[in-house]
Amino acid sequence: MHDTVRTGNGLEIHANLAAKKSNRQISSNGYEVDVPELLAQVIPTPMSDRPRMDPETAKMEIARRHREIMEILGLDLTDDSLSETPERVAKMYVDEIFGGLREENFPKITVVENKMSYDEMLVEIDITFNSTCEHHFLPILGRAHVAYICKGWVLGLSKFNRVVQYFAKRPQVQERATVQIAQALSKILRTDDVAVVIDAVHTCVRTRGVQDESSLTRTSKLSGAFQSNPALRAEFYASIPGPSQLKVV
Ligand SMILES: [Zn+2]
């Protein structure tokens with residue numbers, strides 16, 4: 001699927017980049033997900049119309065501004081312990097915790113034909129992720145439980161984690177993250193029968209404001225048969241950890 005083609009002038013191109021259409025058949029046994037087309041079908045994270053900086057420029061600009069924030073707070077930026085914090089924060093934003101704002105960071109996903117004739121529910125529980133509350137820029141620590149009913153296509157189990165983690169690496173509200181993950185999985189797997197439940201601790205609730213020590217937030221997005229079939233819905237909820245079993249942190 002990632003055959004390298006050597007051209008006459010010595011350039012190597014990936015054969016899959018040469019093909020134009022998404023979710024296109026790349027063989028009779030599967031297809032590769034077209035990321036721009038997929039993300040266009042998922043509810044967006046609010047983004048401005050400003051041109052995007054390349055990652056290195058973005059890091060420089062964020063570091064400069066973060067340095068100013070620290071100075072306004074009265075911190076001594078010449079102190080050994082603090083002097084490189086602006087660059088650390090900038091790198092963390094761009095390369096790590098907000099990496100999901102760049103579509104080039106979406107995982108490479110190849111979906112393969114279901115040759116096993118598997119036609120029951122598949123549930124993956126306790127997918128851990130870290131995200132960031134967009135209201136306070138503080139961590140959200142969560143677990144996602146995802147399920148789908150195979151409609152002829154399957155993907156490697158680790159890809160469920162990768163999809164969850166991609167959308168988690170954005171400034172988020174839990175509700176939007178839940179819907180984005182469900183919509184993406186539905187498009188990738190070409191089925192409406194998808195369920196996503198997220199349990200999360202919001203450190204902005206724990207460490208500031210009401211300073212609640214124990215609350216967790218559960219969100220869900222059920223579609224297709226998971227929404228319309230009460231028995232399936234019940235089976236799904238019976239398969240995932242219940243509120244008393246939550247172990248987020
Ligand atoms: Zn918050």
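Residues numbered from 1 in each chain as written. Predicted model: local features only at pLDDT ≥ 70, side-chain atom pairs only at ≥ 80, totals over all residues.

Q: Break down the overall build of the protein chain for me, citing the residues and quoting the values.
A: Per the secondary structure count, the protein chain includes 9 helices and 11 strands. Split into buried and exposed, the 249 residues of the protein chain put 25% on the buried side. Counting contacts in the protein chain only where the partners sit at least 6 residues apart, residues at least 24 apart contribute 68% of the total. (Helix = DSSP H or I, 4+ residues; strand = E, 2+ residues; numbered from the N terminus. Buried ≥ 20, exposed ≤ 12 C-beta atoms within 10 Å, placed from the backbone. Contact = placed C-beta atoms within 7 Å.)

Q: An account of the nonpolar core is needed here, citing residue identities and associated values.
A: In terms of nonpolar packing, the biggest core is built from 35 residues, with V164, I181, L185, A195 and V196 touching the most fellow members. Listing elements by their share of this core, those giving two or more residues are β6 (121-133), β7 (139-149), α5 (157-168), α6 (174-189) and β10 (194-202). Within the second largest apolar cluster, 5 residues are counted, among which are I62, A90, Y93 and V94. (Core = buried A, V, L, I, M, F, W, Y, C linked by C-beta atoms within 7 Å.)

Q: Residues and numbers for the sheet that holds strand β9 (residues 171-172), please.
A: With mixed pairing, the 5 strands of this open sheet are ordered in space as β9-β6-β7-β10-β11. Both outer strands of the open sheet, β9 and β11 (217-222), are each paired with one neighbouring strand and no more. Along the sheet, α5 contacts β6, β7 and β9; its crossing angle with β6, the most-contacted strand, is approximately 25°. (Pairing = 2+ DSSP bridges. Axes fitted to C-alpha atoms, helices over the stretch in contact; angles between N-to-C directions.)

Q: Could you give an account of the pairing of strand β5 (residues 110-113), with specific residues and numbers?
A: Both strand β4 (residues 30-32) and β5 contribute to a ladder of 3 bridges, which runs antiparallel. Bridge assignment links E32 to a residue of β5, and that residue is T110. Relative to strand β8 (residues 153-154), β5 is paired through 2 bridges, and the arrangement is antiparallel. Among the inter-strand pairings, E113 is bridged to a residue of β8, identified as W153.

Q: For the environment of Q165, give the residues involved together with the corresponding values.
A: Along the chain, Q165 falls in helix α5. For Q165 and I127, which are 38 residues apart along the polypeptide, the C-alpha to C-alpha distance reads 8.9 Å.

Q: Give a description of the packing of α5 against α6 that names residues and reports values.
A: Two elements in contact, α5 and α6, have axes separated by 9 Å at closest approach and are oriented at 140°. On the basis of their axis angle, the class for α5 and α6 is oblique. Handedness of the crossing formed by α5 with α6: right-handed. Listed contacts from α6 to V163, V164, F167 and A168 of α5 are A177, Q180, I181, A184 and L185. Residue classes in the contact of α5 with α6 are distributed as 8 nonpolar, 1 polar and no charged. (Parallel < 35°, antiparallel > 145°, perpendicular 65-115°, else oblique. Left-handed = near helix turned anticlockwise from the far one by under 90°. Nonpolar A, V, L, I, M, F, W, Y, C, P; charged D, E, K, R; others polar.)

Q: Tell me what's going on with unusual backbone geometry, and back it up with residues and numbers.
A: Despite not being glycine, F137 has its phi angle at roughly 55°, a positive value. Looking at where F137 falls in the secondary structure, it is placed in the loop between β6 and β7. For F137, a count of 12 C-beta atoms within 10 Å corresponds to the exposed category. The backbone of R190 sits at a positive phi, close to 55°, despite the residue not being glycine.

Q: Help me get a handle on the packing of helix α3 (residues 55-72) against helix α4 (residues 85-97), residues and values and all.
A: One way to put it is that α3 packs onto α4 with a least axis distance of 8 Å and a crossing angle of 135°. When the axes of α3 and α4 are compared, the pair comes out oblique. Handedness of the α3/α4 crossing: right-handed. The segment α3 lies against α4, with P55, A58, K59, I62, A63, H66, R67 and M70 engaging T85, P86, E87, V89, A90, K91, Y93 and V94. The class makeup of the residues in the contact of α3 with α4 is 10 nonpolar, 2 polar and 4 charged.

Q: Help me get a handle on the pairing of β7, residues and values and all.
A: Of all the 11 residues making up β7, 9 are buried; the element is thus mostly covered by neighbouring parts of the structure. With 10 bridges connecting them, β6 and β7 associate as antiparallel partners. Considered in β7, the bridge of M121 is made with I149. The turn joining β6 and β7, which pair antiparallel and follow one another in sequence, is formed by 5 residues; a positive phi near 55° is taken by F137. Note: β7 against β10, 9 bridges, orientation antiparallel. Of the residues in β10, the one forming a bridge with G142 is A200.

Q: Now, about the confidence of the model for the protein chain: what can you tell me, with residues and values included?
A: Averaged over the protein chain, the pLDDT score is 89; the fraction of residues at 70 or greater is 86%. Long-range and interchain partners of residues 1-23, a stretch whose pLDDT sits below 50, account for 23 contacts in this model, where long-range means more than four residues apart. (pLDDT = per-residue confidence, 0-100.)

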